[in-house]
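Okay, here's what each chain looks like letter by letter:
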Amino acid sequence: MPAFTLEILMNPAIQDIHAREILDSRGNPTVEVDVRLVCGVVGRAAVPSGASTGIHEAVELRDAEPRRYDGKGVKNAVAHVNGEIATAVAGKDATDQKGIDALLIALDGTPNKSRMGANAVLGVSLAVARAAAAAAGLPLFSTLSASHAPRMPVPMFNILNGGVHANWQATDFQEFMIAPVGAPTFAEGVRYGAEIYHRLRTILKERGYNTAVGDEGGFAPILKRNAEAVELILEAIEKAGYRPGDDIVLALDPASSGFYEDGLYHLRSEGRKVDAAGLVDLYEGWIERYPIAVLEDGLAEDDWAGWRMMNKRLGKKVELVGDDLFVTNVKRIERGIQEDVANAVLIKPNQIGTLTETRAAVELAYRAGWGAMVSHRSGETVDSFIADMTVGFGTGHLKTGAPARGERVEKYNQLMRIEEAMGRDASYAGRDAFVRG
Ligand SMILES: O=C(O)[C@@H](CO)OP(=O)(O)O
Ligand SMILES: [Mg+2]
């Protein structure tokens, strides 16, 4: 083979980039990016979008009204990729993820990616990683590494949805998750989760509750007390033949920024308001009664004093995860470490906008002895990048919705493929998934 042909066949330089508008799982427009390398491989990535977004997140260019171009929306993000970004990254080495992400950050020039749009920037960053893996002929997960060894995560299945994900018609708390820590493998954990999900549907039907689902595929019954959600789930676990606390533990994401107003937390379904201490009293009571291992966003995104108090009271008992509080942003995580407000960080690439910054957030959490829990968004696509990322970074747990609905199960399915591909090297995080203290 002539030398120049070999050079082309091996060349990981970016030849061109193309972005397009596609739909997410809520029927809203979002960004998809294809990165083509000189060697001929293409990496593709699609960007998700939240509903209970933190106010400190990187700024995505979304349409105020879906399908109506308002000048700030997804069409603009797409145009930025196909214009300025494509010109800037042409010819750059796709295996230099750090260099490309630094270039994207500099090109945007704002502290929150508001000029290019975090969705434009992230689509390129993730598609570059995919292209680089394809060029090397390697599975994506094996090219994404951090200081923790790769491992299969515990899947946190969100089987009961409330809050804004169910139009505030169900529970005040947004997510009630089950985590099969006692399963021997990831794939078995998926089976446990699916069986409990189906059992929960049967129980809800028997009690005359609605079995329609929320944005993340969990059921969204209208209950009178938030605690009833936990009780129904515990019943489903037992009736499916599993032991709460041993086989399955629970995780909650109240997403409390969504019901925090004027210094108080409004539990509308229960007709009462409580302050931070009152809400922590509620959590503490639940933690005594129920096998809860993880509590995410128990208090609001800027209630730093409340978080500090909550960490003192609960941080030794459960993993306290900051989502809206930290927004995958090292500056906010650093403050959290200094002020001792939590012991884990939720990791959402689109909150910060590049893969390199996402990894930095994970590494900072590891250095502090904190947990890192990877998460999807409530508006998703079938892109399963986070599945590979969770394994490569060795985070030990991820949440990506119910074990139902295509855009959610694609992540779980990809993780089962990875577990199969890893064979004997696949180690399931199980009980070691969560950090305390
Ligand atoms: O609050 C959350 O953790 C997420 C994902 O479950 O929801 P959203 O994507 O709507 O912010
Ligand atoms: Mg959250």
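Bear in mind that the values here come from a model prediction, so they are computed numbers and not experimental data. (Residues numbered from 1 in each chain as written. Chains lettered and ligands numbered in written order. Predicted model: local features only at pLDDT ≥ 70, side-chain atom pairs only at ≥ 80, totals over all residues. Heavy atoms only, no water.)

K.L.:
I would appreciate a short explanation of the sheet that holds strand β3 (residues 42–46) in the present structure.
P.N.:
Either a parallel or an antiparallel arrangement is found when strands of a sheet pair, and the pairing is made through backbone hydrogen bonds. Taking strand neighbours across the sheet as the criterion, the 3 strands line up as β1-β2-β3 in an open arrangement whose pairing is antiparallel. Each edge of the open sheet is held by one strand with a lone partner, namely β1 (14–23) and β3. Strand after strand, the sheet turns through a mean of 15° between neighbouring axes, direction not considered. Pairing analysis gives 9 bridges linking β1 to strand β2 (residues 29–37), with the strands arranged antiparallel. Each bridged residue has a counterpart across the sheet, and for Arg20 the counterpart in β2 is Glu32. (Pairing = 2+ DSSP bridges. Helix = DSSP H or I, 4+ residues; strand = E, 2+ residues; numbered from the N terminus. Axes fitted to C-alpha atoms, helices over the stretch in contact; angles between N-to-C directions.)

K.L.:
Is there a simple way to explain the coordination of the magnesium ion (ligand 2) in this structure?
P.N.:
At this site the magnesium ion (ligand 2) is bound by Asp253 (OD), Glu296 (OE) and Asp323 (OD), with donor distances of 2.0 to 2.2 Å. Sequence positions of the residues that donate to the magnesium ion (ligand 2) give the spacing D-x42-E-x26-D. Here Asp253, found in strand β6 (residues 249–253), pairs with Glu296, found in strand β10 (residues 292–296); they are 43 residues apart in sequence, far enough to count as distant. Grouping residues by exposure puts Asp253 and Glu296 together as buried. (Donors = N, O, S within 2.8 Å, 3.2 Å for Na, K, Ca; no water. Buried < 20%, exposed > 50% of the residue type's maximum accessible area, 1.4 Å probe, protein only.)

K.L.:
Explain the UniProt feature "binding site: substrate" (unreviewed entry) in the protein to me, please; I cannot follow it from the model alone.
P.N.:
Taking the numbering used here, the UniProt-annotated feature "binding site: substrate" (unreviewed entry) corresponds to His165, Glu175, Glu296, Asp323, Ser375, His376, Arg377, Ser378 and Lys399. Of the residues annotated just before, the largest cavity has Ser375, His376 and Arg377 among its lining. Excluding anything up to four places from it in sequence, Asp323 contacts Asp253, Glu296, Asp297, Leu346, Lys348 and Gln351. With respect to the helices and strands, the residue His376 is situated in the loop between β13 (371–375) and α13 (385–393). Discounting residues that sit within four places of it in the chain, His376 has contacts with Glu216, Lys348, Ile386, Lys399, Thr400, Gly401 and Arg408. (UniProt positions renumbered as here; feature names shortened; annotations may be inferred. 1 Å grid on protein atoms, 1.4 Å probe; cavity = no way out; pocket = protein on both sides within 12 Å on 5 of 7 lines; lining within 4 Å. Contact = heavy atoms within 4.5 Å.)

K.L.:
Honestly, the environment of Leu279 in this entry has me stumped. Any pointers?
P.N.:
Its place among the elements puts Leu279 in helix α8 (residues 276–289). The exposure class assigned to Leu279 is buried, which follows from its relative accessible area of 0%. For the pair Leu279 and Ser256, spaced 23 residues apart in the sequence, the C-alpha separation amounts to 9.7 Å. Those residues in contact with Leu279, other than ones at most four positions away along the chain, are Phe173, Ser256, Phe259, Tyr265, Leu267, Val274, Gly298 and Leu299.

K.L.:
How should the site of ligand 1 be read in this particular structure?
P.N.:
Within the structure, ligand 1 sits among 18 residues, and Ala51, Glu175, Glu216, Ser378 and Lys399 are positioned closest to it. Note that an oxygen atom of ligand 1 is positioned 2.7 Å from one of the backbone N or O atoms of Ala51. Contact between ligand 1 and Ser378: an oxygen atom at 2.6 Å from a side-chain N or O atom of the residue. Here ligand 1 has 310 Å² of accessible area as a free molecule, and 100% of this is covered by the chains. When atom positions are compared with the pocket grids, ligand 1 is found to occupy the second largest cavity. Here the shell around ligand 1 is built from residues that sort into 2 nonpolar, 8 polar and 8 charged. (Near = heavy atom within 4 Å. Polar contact = N/O pair within 3.5 Å; in protein donor to acceptor, adjacent residues only side chain to side chain. Areas by Shrake-Rupley, 256 points an atom, 1.4 Å probe, with all protein chains shown as cover. Sits in = over half its atoms within 2 Å of the grid points. Nonpolar A, V, L, I, M, F, W, Y, C, P; charged D, E, K, R; others polar.)

K.L.:
Looking at this structure, I do not really get the UniProt feature "active site" (unreviewed entry) in the protein. What am I missing?
P.N.:
The positions that UniProt labels "active site" (unreviewed entry) are, in the present scheme, Glu216 and Lys348. None of the other annotated residues line the largest cavity; only Lys348 do. Mapping Glu216 onto the fold places it in the loop between α6 (186–206) and α7 (226–239). The residues contacting Glu216, other than those within four sequence positions of it, are Asn158, Asn161, His165, Glu175, His376, Arg377, Ser378, Gly401, Ala402, Arg405 and Arg408.

K.L.:
What is the right way to read the pattern of salt bridges from this model?
P.N.:
Oppositely charged side chains may form a pair once their charged atoms are brought near each other. Applying the stated criterion across every chain yields a total of 32 salt bridges. Between Lys75 and Glu21 there is a salt bridge, and its shortest N-O distance comes to 3.2 Å. Remark: Glu21 occurs in strand β1 and Lys75 occurs in helix α2 (residues 74–89); sequence separation between them is 54 residues. According to the relative accessible area criterion, Lys75 is partly exposed, its value standing at 42%. Between Glu261 and Arg268 there is a salt bridge, with its nearest N and O atoms 3.0 Å apart. Classification of Glu261 as partly exposed rests on a relative accessible area of 37%. (Salt bridge = Lys/Arg side-chain N within 4 Å of Asp/Glu carboxyl O.)

K.L.:
What should I look at first to understand empty space enclosed by the protein in this one?
P.N.:
Counted under the stated rule, the structure contains 3 cavities of 30 Å³ or more. Put simply, the largest cavity is a space of about 140 Å³. What lines the largest cavity is a set of 17 residues, among which Ala46, Pro48, Leu126, Glu380 and Ile386 lie closest to the centre. Contributions of two or more residues to the lining of the largest cavity are made by α4 (118–136), α11 (349–352) and α13. For the lining of the largest cavity, the per-class residue count stands at 7 nonpolar, 5 polar and 5 charged. The computed volume of the second largest cavity comes to approximately 60 Å³. Lining the second largest cavity are 13 residues; nearest its centre among them are His165, Glu175, Glu216, Lys348 and Ser378. (Points joined across faces, edges and corners; volume = space filled by probe spheres on them.)

K.L.:
Honestly, the packing of helix α3 (residues 97–108) against α4 in this entry has me stumped. Any pointers?
P.N.:
Between α3 and α4, the least distance of the axes is 10 Å, while the angle of their chain directions is 165°. Considering the angle they form, α3 stands roughly antiparallel to α4. For the pair α3 and α4, the sense of crossing is right-handed. For the pair α3 and α4, the contacting residues are Gln97, Ile100, Asp101 and Leu104 in the first and Val121, Val124, Ser125, Val128 and Ala129 in the second. (Parallel < 35°, antiparallel > 145°, perpendicular 65-115°, else oblique. Left-handed = near helix turned anticlockwise from the far one by under 90°.)

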